[in-house]
Amino acid sequence: MAFLRRSSSISFALIVLSCLIVLFLLYGKRDPLGNLESVRVVRILDGDTVELADGRVVRLIGIDTPEKGQPGADSATICNTTLVLGRTVRLEYGHERSDRYGRTLAYLYIDGRMVNREILNAGWAYCYFFQKNLKHGRELVQALDAAMDGHRGLWREPRPETADHYIGSNAGFRFHRPNCPSVADIRKDAIVVYTARDSAFYHGFSPCRNCAP
Ligand SMILES: [Zn+2]
């Protein structure tokens, strides 16, 4: 009898273990983001920056929204607010976890949707890449292109050109006015020339902060 009791408890343990493995596999498949840290968003600073309940300030990576006072800045902030304020988000860190201002660099997720991508898709941001933070580059450029093709947000009205052509760097993903001093620093084999400003945006380039093309 003692032997039977032991063997039935072993079978029971095996059944429980196999159920746990099945649950783990199912859960893992349904929720690939399940291992990411979850934190609530308590404040929106602008279109691409939020504050978390634990006090950290997060800069959403791969995107840039208009600065305060620029056209579209308020709409970008509203878009970000609608998506994440008061919600619990999951954080996926970039290659570098923080920037020189001490902000956390991350992709945010709600219900499996990437917030960074959603803001681009709504048309309130352009792509903003650093060489080491290209993880979701392709899907972010696709979201931007969809917004531009659909004339959403910043892309609703055609905007005037600011130069007769623009010079981009395939190595740094920035584009410049032809007379910008930074152009001299671009490696010859990395130079790309665009005749329209929006073509540079469309390919995932962001405007130089100095010459502001
Ligand atoms: Zn420049």
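Draft legend 1. Local environment of the nonpolar core. Residues Val50, Val84, Leu91 and Ile119 are the most contacted members of the largest nonpolar core, which totals 48 residues. Two domains each put at least three residues into this core: domain 1 (37–154) and domain 2 (160–207). Contact partners of valine 50, with chain neighbours within four places excluded, come to Val41, Arg43, Ile44, Leu45, Arg56, Val57, Val58, Leu60, Asn80, Val84 and Leu108. Counting 7 residues, the second-largest nonpolar core is a separate cluster that includes Ile167, Cys180, Ile186 and Cys208.

Draft legend 2. Quick peek at the coordination of the zinc ion. Listed as protein donors to the zinc ion are His176 (ND1), Cys180 (SG), Cys208 (SG) and Cys211 (SG); their distances from the metal cover 2.2 to 2.4 Å. Coordination at the zinc ion is tetrahedral: its 4 donor atoms span angles of 98 to 125 degrees at the metal. The sequence motif formed by the donor residues of the zinc ion is H-x3-C-x27-C-x2-C.

Draft legend 3. Molecular detail of the sheet that holds strand β11 (residues 191–194). Read from one edge to the other, the open sheet built from 4 strands follows the order β11-β9-β10-β12, with strand pairing classed as mixed. At either end of the open sheet lies a strand with only one pairing partner, and these are β11 and β12 (206–207). Both strand β9 (residues 166–169) and β11 contribute to a ladder of 4 bridges, which runs antiparallel. Each bridged residue has a counterpart across the sheet, and for isoleucine 167 the counterpart in β11 is valine 193.

Draft legend 4. Structural detail: the pattern of salt bridges. If you walk through the whole model with that rule in mind, you get 14 salt bridges. For arginine 209, the salt bridge is made with aspartate 64, and the minimal N-O distance between the two is 2.6 Å. Taken together, the residues span a long stretch of sequence, with arginine 209 in the segment after β12 and aspartate 64 in strand β4 (residues 62–64) at a distance of 145 residues. Since its relative accessible area comes to 3%, aspartate 64 is described here as buried. In this structure, a network of salt bridges that share partners links the residues Asp48, Arg59, Asp64 and Arg209.

Draft legend 5. Representation of the packing of helix α3 (residues 115–122) against helix α4 (residues 137–149) within the structure. It is at 7 Å that the axes of α3 and α4 come closest, and there the two elements cross at 25 degrees. Accordingly, the angle class assigned to the pair α3 and α4 is roughly parallel. Counting all contacts with α3, which are made through Asn116, Arg117, Leu120 and Asn121, the residues of α4 involved are Glu139, Leu140, Ala143, Leu144, Ala146 and Ala147. Split into classes, the residues belonging to the contact of α3 with α4 amount to 6 nonpolar, 2 polar and 2 charged.

Draft legend 6. Local environment of helix α2 (residues 73–84). Relative to the 16 Å expected for 12 residues at 1.5 Å per residue, α2 spans 17 Å between its end C-alpha atoms, a close match to the ideal helical length. Of all the residues in α2, the buried ones are Ala73, Ala76, Cys79, Asn80, Leu83 and Val84. For α2, the buried positions fall inside an angular range of 125 degrees around the axis, keeping them on one side. Turned more than 90 degrees away from the buried face of α2, the exposed residues are Asp74, Ile78 and Thr82. Each element contacted by the buried residues of α2 is listed here: β1 (37–46), β2 (49–52), β5 (88–98), β6 (104–110) and α3. Phi for glycine 86, located one or two positions after α2, is positive at around 80 degrees.

Rules and cut-offs
- Residues numbered from 1 in each chain as written.
- Predicted model: local features only at pLDDT ≥ 70, side-chain atom pairs only at ≥ 80, totals over all residues.
- Heavy atoms only, no water.
- Core = buried A, V, L, I, M, F, W, Y, C linked by side-chain atoms within 4.5 Å.
- Buried < 20%, exposed > 50% of the residue type's maximum accessible area, 1.4 Å probe, protein only.
- Domains from an automatic or database assignment.
- Contact = heavy atoms within 4.5 Å.
- Donors = N, O, S within 2.8 Å, 3.2 Å for Na, K, Ca; no water.
- Tetrahedral: all angles 85-135°; square planar, octahedral: opposite > 155°, others 65-115°.
- Pairing = 2+ DSSP bridges.
- Helix = DSSP H or I, 4+ residues; strand = E, 2+ residues; numbered from the N terminus.
- Salt bridge = Lys/Arg side-chain N within 4 Å of Asp/Glu carboxyl O.
- Axes fitted to C-alpha atoms, helices over the stretch in contact; angles between N-to-C directions.
- Parallel < 35°, antiparallel > 145°, perpendicular 65-115°, else oblique.
- Nonpolar A, V, L, I, M, F, W, Y, C, P; charged D, E, K, R; others polar.
- Expected span 1.5 Å × (residues − 1).
- Arc of directions from axis to C-beta.

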